[in-house]
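This is what each chain is made of:
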Amino acid sequence: MLAETTIQLEARNPATNRMRGWSVELGQDLLGMWIVDVEFGRIGSRGRRLRRVFTDQPTAHAYMGLGLRRRATAPARIGIVYRWVRASFDALAMLAKVGIEAHRSA
């Protein structure tokens, strides 16, 4: 799969020992199917990897948007904010739409 859209998010709070990562890649395979790979878990560990296959791009984008909206609600659920660390240019609009900001260095 050649990744078209990539996003990497992190939620870090060393004081509460919460270090979470979430990344997603969206791309098309050689047969024209749209693939969404999601990887998540504690930063520094192997984490989990999920792959979903879709027949069209709008459905794949909608699935990716669901994951981003879920990450945007993290402050209410886990008490820490996800921020994007790396994102492809076409993903910036999706991140802005759900309100996920860029990571700021201290």
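Refer to the preceding data block for the structure.
Residues numbered from 1 in each chain as written. Predicted model: local features only at pLDDT ≥ 70, side-chain atom pairs only at ≥ 80, totals over all residues. Heavy atoms only, no water.

**What about the overall build of the protein chain?**
Logical step 1: For the protein chain, the count of helices and strands is three helices and five strands.
Logical step 2: Tracing the protein chain from N to C terminus, the helices and strands come up as β-β-β-β-α-α-β-α.
Logical step 3: The C-alpha atoms of the protein chain give 14 Å as radius of gyration, which agrees with the globular expectation for 106 residues (13 Å, within 12%).
Logical step 4: When the backbone C-alpha atoms are referred to their principal axes, the protein chain occupies close to 45 × 30 × 25 Å.
Logical step 5: Buried positions account for 30% of the 106 residues belonging to the protein chain.
Logical step 6: The long-range share in the protein chain, meaning contacts at least 24 apart out of those at least 6 apart in sequence, stands at 44%. (Helix = DSSP H or I, 4+ residues; strand = E, 2+ residues; numbered from the N terminus. Rg over C-alpha atoms; globule rule 2.2 N^0.38 Å. Buried < 20%, exposed > 50% of the residue type's maximum accessible area, 1.4 Å probe, protein only. Contact = heavy atoms within 4.5 Å.)

**A look at unusual backbone geometry**
Logical step 1: If you check the backbone angles, N17 has positive phi at about 60° while not being a glycine.
Logical step 2: Of note, N17 is situated in the loop between β1 (2-13) and β2 (18-28).

**Thoughts on the pairing of β2**
Logical step 1: In this structure, β1 lies alongside β2, joined through eleven bridges in antiparallel fashion. Pairing of T6 across the sheet is with E25, part of β2.
Logical step 2: Where β1 hands over to β2, the hairpin turn is made up of four residues, of which N17 adopts a positive phi near 60°.
Logical step 3: Note that β2 and strand β3 (residues 34-42) share nine bridges and pair antiparallel. Across the sheet, the residue bridging to L26 is V36, located in β3.
Logical step 4: Hairpin connection, β2 to β3: the antiparallel pair is bridged by five residues, and G32 has positive phi, about 90°. (Pairing = 2+ DSSP bridges.)

**As for the packing of aromatic side chains**
Logical step 1: For the structure shown, the criterion picks out one aromatic pair.
Logical step 2: Summarising the aromatic geometry, the rings of F54 and Y63 are spaced 5.4 Å apart at their centres and angled 45° between planes, so their arrangement reads as tilted.
Logical step 3: F54 sits in the buried class, given a relative accessible area of 9%.
Logical step 4: Above the ring of Y63, the side-chain terminus of R52 is found at 4.8 Å from the ring centroid.
Logical step 5: Just above the ring of Y82 sits the side chain of R71; from NZ or CZ to the centre is 5.8 Å. (Phe/Tyr/Trp six-rings, centres within 6.5 Å; stacked < 30°, edge-to-face > 60°. Lys NZ or Arg CZ within 6 Å of the ring centre and 35° of its normal.)

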